Amino acid sequence: YQLLSVPKVALFSEAIARGLMSSAAAIFILTFFQQLCRPSGLAQVHFRWPETVRRTLRRHLAWLTPLVVILQFFIATAMVSKNLAYNDALSRVGLMAQGLAGALFWALAFRFSGEIGATLISRQPGSWLVKLRYVWYPMAVAMPFVTVVLVAYGYYYTGLVWRNLTGETVILFTVLMVFYHLALRWLTLARRKVAFKETLGRRTAGREEEKKGAGGETDAVSREEPKLDLTGINEQTRALLNMVIVICALVGLWAIWDEALVAFQVLEEIRLWTYTGVVDGTARSMPLSLADLLVAILIAVSTFFASRNLPGLLEITLLRRLPLDFGGRYAFTTLCRYAIIALGIIVAFSYIGFNWSSIQWLIAALGVGLGFGLQEDA
């Protein structure tokens, strides 16, 4: 950065600066993985990853990090100083070496007979990650190797773009993985706090009953609140968290690969029907594409899962902190569920051409149902 801030920077200095900055980004990303798996690190203390998995990742990242960083420096430097005769060949060789290193890393670290593969199969034999291992493992090895093939056939810029997109995809899944484990850890601790408070409450109620029994006093009506279903709450929060991760992954993949893959653009060109919309105060005929319909379906499905699994998340995060009894918590949860349903309906229908006047009767029906539900609970 200091080299680039010099007035009238020379081409050689600019090339060195770009190479250093690009290498710094590679160092940051790969070192983050190493620190994640270090002894007493995040993967061990909070994520509960087995030692075999962490050891395997550390061992392979130890040789991958310096190789990728050095090659990235030469690639970024050569892209700036293109007036030198050997720079084009240097950048091509560096990019091919990076692709080979990435393919070798995935092949060695995640092979089925290795420590990570054996641990995954033994601990989660029925998971989708194990069932689809014959799909994602060849894809993980082949994606960086595609860069080598493209550059070898003379498509240097295409190979460079492919490498950047695959790198962004790996970063996306890594961020989602870290977020998932952190959220899961937080939800686990919150559920433990709820269980602890429930235990203390039952003990306090038991002592009060013993005191009342010793004094000859009895209550005609029991004021004890219904016991929380912690197992159901745990299942709801996990389902909601999985839904959030899937949606974020789909949106992230769409944002990364939209301009590169023609298939995504074809979805926007397929016109299903037209509807009348108002643009700048003028009624116009607006086309509805297949992409809009798919987005509306995704929003509808997300709304369904969110409204169904919201009570468990609210119970362990917000409602236990508020001075509400069981009826008040139920009413608050019901209001939130209906609000999510109404918002999802409005957004989903707006994507397929329905305006507010077309769906306000549905929102009104939801309001009537909400009123009857709350009246019955009261």
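Quick notes on the rules
Residues numbered from 1 in each chain as written. Predicted model: local features only at pLDDT ≥ 70, side-chain atom pairs only at ≥ 80, totals over all residues. Heavy atoms only, no water. Helix = DSSP H or I, 4+ residues; strand = E, 2+ residues; numbered from the N terminus. Buried < 20%, exposed > 50% of the residue type's maximum accessible area, 1.4 Å probe, protein only. Contact = heavy atoms within 4.5 Å. Axes fitted to C-alpha atoms, helices over the stretch in contact; angles between N-to-C directions. Parallel < 35°, antiparallel > 145°, perpendicular 65-115°, else oblique. Left-handed = near helix turned anticlockwise from the far one by under 90°. Nonpolar A, V, L, I, M, F, W, Y, C, P; charged D, E, K, R; others polar. Expected span 1.5 Å × (residues − 1). pLDDT = per-residue confidence, 0-100. Salt bridge = Lys/Arg side-chain N within 4 Å of Asp/Glu carboxyl O. Phe/Tyr/Trp six-rings, centres within 6.5 Å; stacked < 30°, edge-to-face > 60°. Lys NZ or Arg CZ within 6 Å of the ring centre and 35° of its normal.

## Here's the deal with the overall build of the protein
- Across its full length, the protein carries 13 helices and 2 strands.
- Looking at the protein as a whole, 32% of its 378 residues qualify as buried.
- Across the protein, the fraction of contacts at a sequence separation of at least 24, relative to all contacts at a separation of at least 6, is 65%.

## Observations regarding the side chain of Thr 119
- One can find Thr 119 in helix H5 (residues 115–123).
- The exposure class of Thr 119 is buried, given its relative accessible area of 15%.
- Not counting residues up to four positions away in its chain, the partners in contact with Thr 119 are Pro 50, Thr 52 and Val 53.

## Focus: the packing of helix H1 (residues 11–36) against helix H3 (residues 51–80)
- Where H1 meets H3, the axes come as close as 7 Å, and the angle between the chain directions of the two elements is 155 degrees. Comparing their axes, H3 and H1 come out roughly antiparallel. Viewed along their axes, H1 and H3 form a crossing whose handedness is right-handed.
- Residues that form the contact of H1 with H3 fall into these classes: 16 nonpolar, 7 polar and 2 charged.

## Describing H1
- Across its 26 residues, H1 extends 38 Å between first and last C-alpha, which sits within 8% of the 38 Å expected from 1.5 Å per residue.
- Burial in H1 covers these residues: Ala 15, Ala 17, Gly 19, Ser 23, Ala 26, Leu 30, Phe 33 and Leu 36.

## Points about the packing of H3 against H5
- Put simply, H3 and H5 touch, their axes get as near as 8 Å, and they point 155 degrees apart. Accordingly, the angle class assigned to the pair H3 and H5 is roughly antiparallel. The crossing of H3 and H5 is left-handed. On H5, the residues that touch Thr 52, Val 53, Arg 55, Thr 56, Leu 57 and Arg 59 of H3 are Glu 115, Ile 116 and Thr 119.
- For the contact of H3 with H5, the residue count by class is 3 nonpolar, 3 polar and 3 charged.

## Quick notes on unusual backbone geometry
- Within the chain, Ser 40 stands out as a residue other than glycine whose phi angle is a positive 60 degrees.
- With phi around 60 degrees, Arg 48 is a residue other than glycine that occupies positive phi space.
- You can call Arg 48 partly exposed: its relative accessible area is 47%.

## A word on the confidence of the model for the protein
- Here the protein averages 78 in pLDDT, and 74% of its residues register 70 or above.
- Per-residue pLDDT stays below 50 along residues 217–223; that stretch engages in 2 contacts with residues further than four places along the chain or on separate chains.

## Considerations on the pattern of salt bridges
- Following the criterion strictly, the structure yields 4 salt bridges and no others.
- Note that Arg 55 and Glu 115 form a salt bridge whose closest N and O atoms lie 3.0 Å from each other. Linking Arg 55 in helix H3 with Glu 115 in helix H5, this pair joins segments that are 60 residues apart in sequence.
- Here the residues in one salt-bridge network are Glu 51, Arg 54, Arg 55, Arg 58 and Glu 115, joined through shared partners.

## Quick word on the packing of aromatic side chains
- Tallying each qualifying case throughout the model produces 11 aromatic pairs.
- With a centroid separation of 6.4 Å and 85 degrees between ring planes, the pair formed by Trp 136 and Tyr 137 is classed as edge-to-face.
- Relative accessible area serves as the criterion here: at 15%, Tyr 137 is assigned to the buried category.
- Judged by centre distance (5.2 Å) and plane angle (70 degrees), the ring pair of Trp 162 and Trp 257 falls under edge-to-face. Residue Trp 162 is found in helix H8 (residues 156–214), and its partner Trp 257 is found in helix H9 (residues 230–257); the two are separated by 95 residues along the sequence.
- Looking at Trp 162, the relative accessible area reads 23%, which means it is partly exposed.
- The rings of Phe 105, Trp 106, Phe 110, Phe 112, Tyr 134, Trp 136 and Tyr 137 are connected pair by pair, giving a single aromatic cluster.
- The positively charged end of Arg 133 is found above the aromatic ring belonging to Phe 112, 5.8 Å away from the centroid.

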